[in-house]
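Listed below are the residues making up each chain.
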Amino acid sequence: MQKSSLFIKISIVSVLVLNFTFGLRAQNNWGLFPVYSQEGKITEKLHYNVFLFSAINLNMSNDKWFMFYDENTLIYKFTERLSVAGSYTFQRSNVLSTFATNENRLWQQVQYEHAVSDQLSLKHRLRFDERFIQGEAFSHRFRYLIGFKYVMTEKLYCSGYNEFFMKTSTPRSTVYGENWAFFGLGIKTSDNTSLDVGPTYITWVTNDALERLHLWYMQVQFNAKINLKRK
């Protein structure tokens, strides 16, 4: 595949990742987004993933805008491209506040990855959430993520994604109520570890008037792979 064609594909996906097409009436906040992701191989087919992050808003009081997220996932790989997964996730919002809320979440997903070229690969993920949020009724939603990874050198790569959140439970002010996007540069720090750095953009509808909250974070993500499979 010619380099110009690859550049066009990367540009298209990047535009999708950085698609900020929401209304201007919104509250904007910014902060830090530290992430730790650990993937382990239990057997050739069965893997696990532990995904932790904190969202810290620096232009608001941290007692109100500090979130902790803990995702624990079992993954079954039919092939290197196709997998299914299920998870238990715990999320605590406004961690240091007297108004802190806990969420217990179950989700199921199917994921498909494919190579466009030797350098470029795409990922498609369909996920369904069942949400048990403190003080709220049981709710659920459907999510679709499209992501890419473009390898530049043996050590350097860039990656990104855009994830659409669709509310499938009622009552709701809108169906398409939330969106997450990321674009960053990555470096392989060893055969089993890597580091991704770049901006994350999150937005969601806050009320029935369809006003939106915009969150801009600098994400720093450390990735580790562990092989628990017996030799």
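Residues numbered from 1 in each chain as written. Predicted model: local features only at pLDDT ≥ 70, side-chain atom pairs only at ≥ 80, totals over all residues. Heavy atoms only, no water.

Engineer: Please clarify how the pairing of strand 11 (residues 212–227) should be interpreted in this entry.
Structural biologist: The two faces of a sheet get side chains in turn, since along a regular strand they alternate between them. Sheet analysis places strand 10 (residues 193–205) next to strand 11, joined by 13 bridges and oriented antiparallel. Among the inter-strand pairings, T200 is bridged to a residue of strand 11, identified as Y217. Between strand 10 and strand 11, which pair antiparallel one after the other, the connecting turn spans six residues, and L210 there sits at a positive phi close to 65°. (Pairing = 2+ DSSP bridges. Helix = DSSP H or I, 4+ residues; strand = E, 2+ residues; numbered from the N terminus.)

Engineer: It is not clear to me how unusual backbone geometry should be interpreted in this structure. Could you clarify?
Structural biologist: With an omega dihedral of 0°, the bond running from T170 to P171 counts as a cis peptide bond. The topology assignment puts P171 in the loop between strand 8 (156–167) and strand 9 (176–188). Within the chain, N94 stands out as a residue other than glycine whose phi angle is a positive 55°. Within the element layout of this structure, N94 appears in the loop between strand 4 (82–93) and strand 5 (101–115).

Engineer: When you look at the packing of aromatic side chains in this model, what are you seeing that I'm missing?
Structural biologist: What describes a pair of aromatic rings is the distance from one ring centre to the other and the angle between the planes of the rings. Taken as a whole and judged by the stated rule, the model has 16 aromatic pairs. Taken together, the aromatic side chains of F33, F51, F53, Y69, F165, W180 and Y217 make up a single cluster linked through ring pairs. Looking at R127, its charged tip hangs above the ring of W107, at a distance of 3.6 Å from the centre. Sitting over the ring of Y157, K149 keeps its end group 4.5 Å from the ring centre. (Phe/Tyr/Trp six-rings, centres within 6.5 Å; stacked < 30°, edge-to-face > 60°. Lys NZ or Arg CZ within 6 Å of the ring centre and 35° of its normal.)

Engineer: Honestly, the nonpolar core in this entry has me stumped. Any pointers?
Structural biologist: A general trend in soluble globular proteins is that nonpolar side chains are found buried together. The biggest cluster of nonpolar side chains holds 19 residues, and the ones touching the most others in it are F33, F53, W180, I202 and Y217. What F33 contacts, discounting residues up to four positions off in sequence, is F53, S54, A55, W180, I202, Y217, M218, Q219 and V220. Core analysis: the second largest hydrophobic core is formed by five residues, L120, L122, Y150 and C158 among them. (Core = buried A, V, L, I, M, F, W, Y, C linked by side-chain atoms within 4.5 Å. Buried < 20%, exposed > 50% of the residue type's maximum accessible area, 1.4 Å probe, protein only. Contact = heavy atoms within 4.5 Å.)

Engineer: It is not clear to me how the environment of T174 should be interpreted in this structure. Could you clarify?
Structural biologist: Relative to the helices and strands, T174 resides in the loop between strand 8 and strand 9. Along the primary structure T174 and D208 are separated by 34 residues, whereas in three dimensions their C-alpha atoms are 8.0 Å apart. Setting aside chain neighbours within four positions, we find T174 in contact with K167, V205 and L210.

Engineer: Sorry, what's going on with a nonpolar patch on the surface here?
Structural biologist: Where nonpolar side chains cluster on the molecular surface, the patch consists of Y76, F78, L82, V84, V110, Y112, L126, F128 and F142 and spans about 690 Å² of accessible area. Among the secondary structure elements, those contributing two or more residues to the nonpolar patch are strand 4, strand 5 and strand 6 (120–133). Structurally, the position occupied by L126 is in strand 6. Here L126 falls in the partly exposed class, since its relative accessible area comes to 38%. (Patch = residues over 30% accessible without salt bridge, like charges linked within 9 Å, V, L, I, M, F, W, Y side chains within 5 Å. Areas by Shrake-Rupley, 256 points an atom, 1.4 Å probe, with all protein chains shown as cover. Salt bridge = Lys/Arg side-chain N within 4 Å of Asp/Glu carboxyl O.)

Engineer: What am I meant to see in the environment of R81 here?
Structural biologist: Residue placement: R81 occurs in the loop between strand 3 (66–77) and strand 4. A relative accessible area of 44% places R81 in the partly exposed class. Considering only alpha carbons, one finds R81 and Q111, 30 residues apart in sequence, at a separation of 7.8 Å. Apart from residues lying up to four places away in sequence, R81 is in contact with Q111, Y112, E113 and H114.

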